[in-house]
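Spelled out from the first residue to the last, the chains are:
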Amino acid sequence: MSFATRKEFEDLGLHYISLCEKEVCKMTDLSKFKLSYHKFDWSARRRSSRGGWYPNKGGAGINIAMHHTCGEHYKNTPVDQPFRCYEYKSFDADPVIGGFITNNREHYLAMVIAHEVAHAAQYFRKYIVKKSSGAPHGAIWKTIYAHLRKTIINPMLPDQKVMKEDYEDYKLSLQNNKYEGKIDWASVRTDFEMMVNERKEAKRAASHS
Ligand SMILES: [Zn+2]
């Protein structure tokens with residue numbers, strides 16, 4: 001991924017941060033919400049994004065694991081290939097705040113930013129508004145995140161029924177290539193990487209903050 005592309009992703013990141021801030025401000029108790037800090041971390045070793053309270057940075061903040069979120073590790077994957085974005089395991093199947101299938105990395109970046117901004121907002125509620133923050137993925141966090149999903153993320157997602165068919169077709173086509181003896185090693189490797197990445201992402205979704 002070139003530097004220009006990283007810059008593009010960071011600009012997109014700023015765009016979604018700004019949209020999320022505006023939407024959080026429409027919520028009860030959170031009209032003064034703003035992020036004091038954000039970081040786009042491109043280190044390949046950073047797998048988990050974080051949103052929360054950064055006392056040394058002036059308050060509510062987020063740190064986004066860009067290498068992972070923007071797909072720098074999907075080197076052999078065709079750009080338009082459908083992929084599954086995982087959410088936290090306990091609500092991954094939820095139709096509003098759960099995971100989804102898309103062919104656009106931007107959607108995943110937007111989802112991660114909304115997720116982490118919701119954490120930042122719950123701690124803003126605690127330390128600035130002096131009301132409960134609730135548990136990390138508890139009712140208060142879920143209410144904020146659901147609002148961001150409904151207003152910003154979900155309206156731009158592709159039709160999930162169509163996407164699911166594309167996703168299954170894609171996986172099947174990789175398998176068929178193998179059965180017919182037309183082994184396309186690039187596809188096999190992509191297939192393998194996709195499997196490994198899906199597992200890693202499912203794990204990440206279960207472990208991130
Ligand atoms: Zn979280």
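Above this text is the structure in question.
Residues numbered from 1 in each chain as written. Predicted model: local features only at pLDDT ≥ 70, side-chain atom pairs only at ≥ 80, totals over all residues.

Participant: Hey, could you run me through the pairing of strand 2 (residues 50-54) in this one?
Facilitator: Note on strand geometry: in a regular strand, side chains alternate between the two faces of the sheet. As paired strands, strand 2 and strand 3 (residues 59-65) are joined by five bridges and run antiparallel to one another. Of the residues in strand 3, the one forming a bridge with tyrosine 54 is glycine 59. Between strand 2 and strand 3, which pair antiparallel one after the other, the connecting turn spans four residues, and glycine 58 there sits at a positive phi close to 95°. (Pairing = 2+ DSSP bridges. Helix = DSSP H or I, 4+ residues; strand = E, 2+ residues; numbered from the N terminus.)

Participant: I keep staring at the pairing of strand 3 and nothing clicks. Help me out?
Facilitator: Most of strand 3 sits inside the fold, with six of its seven residues counted as buried. Here five bridges tie strand 1 (residues 37-41) to strand 3, and the two strands are oriented parallel to one another. What sits directly across from lysine 39, in strand 3, is asparagine 63. (Buried ≥ 20, exposed ≤ 12 C-beta atoms within 10 Å, placed from the backbone.)

Participant: Would you mind showing me how to read the sheet that holds strand 1 here?
Facilitator: By way of backbone hydrogen bonds, the strands of a sheet pair with one another, either parallel or antiparallel. Across the sheet, three strands lie side by side as 1-3-2; this open sheet has mixed pairing. Whereas interior strands pair on both sides, the edge strands pair on one side only; in this sheet they are strand 1 and strand 2. In this sheet, neighbouring strand axes are inclined to one another by 20° on average, regardless of whether the strands run parallel or antiparallel. (Axes fitted to C-alpha atoms, helices over the stretch in contact; angles between N-to-C directions.)

Participant: Help me understand the environment of leucine 157 in this model?
Facilitator: With respect to the secondary-structure elements, leucine 157 resides in the loop between helix 4 (139-153) and helix 5 (160-179). Residue leucine 157 is classed as partly exposed on the basis of its C-beta count, with 17 C-beta atoms lying within 10 Å. Sequence separation between leucine 157 and asparagine 103 is 54 residues, and the spatial gap between their C-alpha atoms is 9.5 Å. Once residues lying within four places of it in the same chain are set aside, the contact partners of leucine 157 are Phe100, Thr102 and His107. (Contact = placed C-beta atoms within 7 Å.)

Participant: Sorry, what's going on with helix 3 (residues 105-127) here?
Facilitator: Note on helix geometry: an α-helix contains 3.6 residues per turn, so any two residues three or four positions apart are oriented the same way. Compared with an ideal rise of 1.5 Å per residue, which puts 23 residues at 33 Å, helix 3 spans 33 Å between its outermost C-alpha atoms and is within 8% of the ideal. Summarising burial for helix 3: 17 of the 23 residues are buried, a large majority. (Expected span 1.5 Å × (residues − 1).)

Participant: Hey, could you run me through unusual backbone geometry in this one?
Facilitator: Negative phi values dominate among residues other than glycine, just as trans dominates among peptide bonds. Despite not being glycine, aspartate 29 shows a phi value in the positive range, around 75°. Among the secondary structure elements, aspartate 29 is positioned in the loop between helix 1 (3-24) and strand 1. We note that lysine 130 has phi near 60°; this positive angle belongs to a residue other than glycine. Among the secondary structure elements, lysine 130 is positioned in the loop between helix 3 and helix 4. Exposure remark for lysine 130: the 8 C-beta atoms within 10 Å place this residue in the exposed category.

So far we have only geometry, and geometry alone does not tell us how the molecule works.
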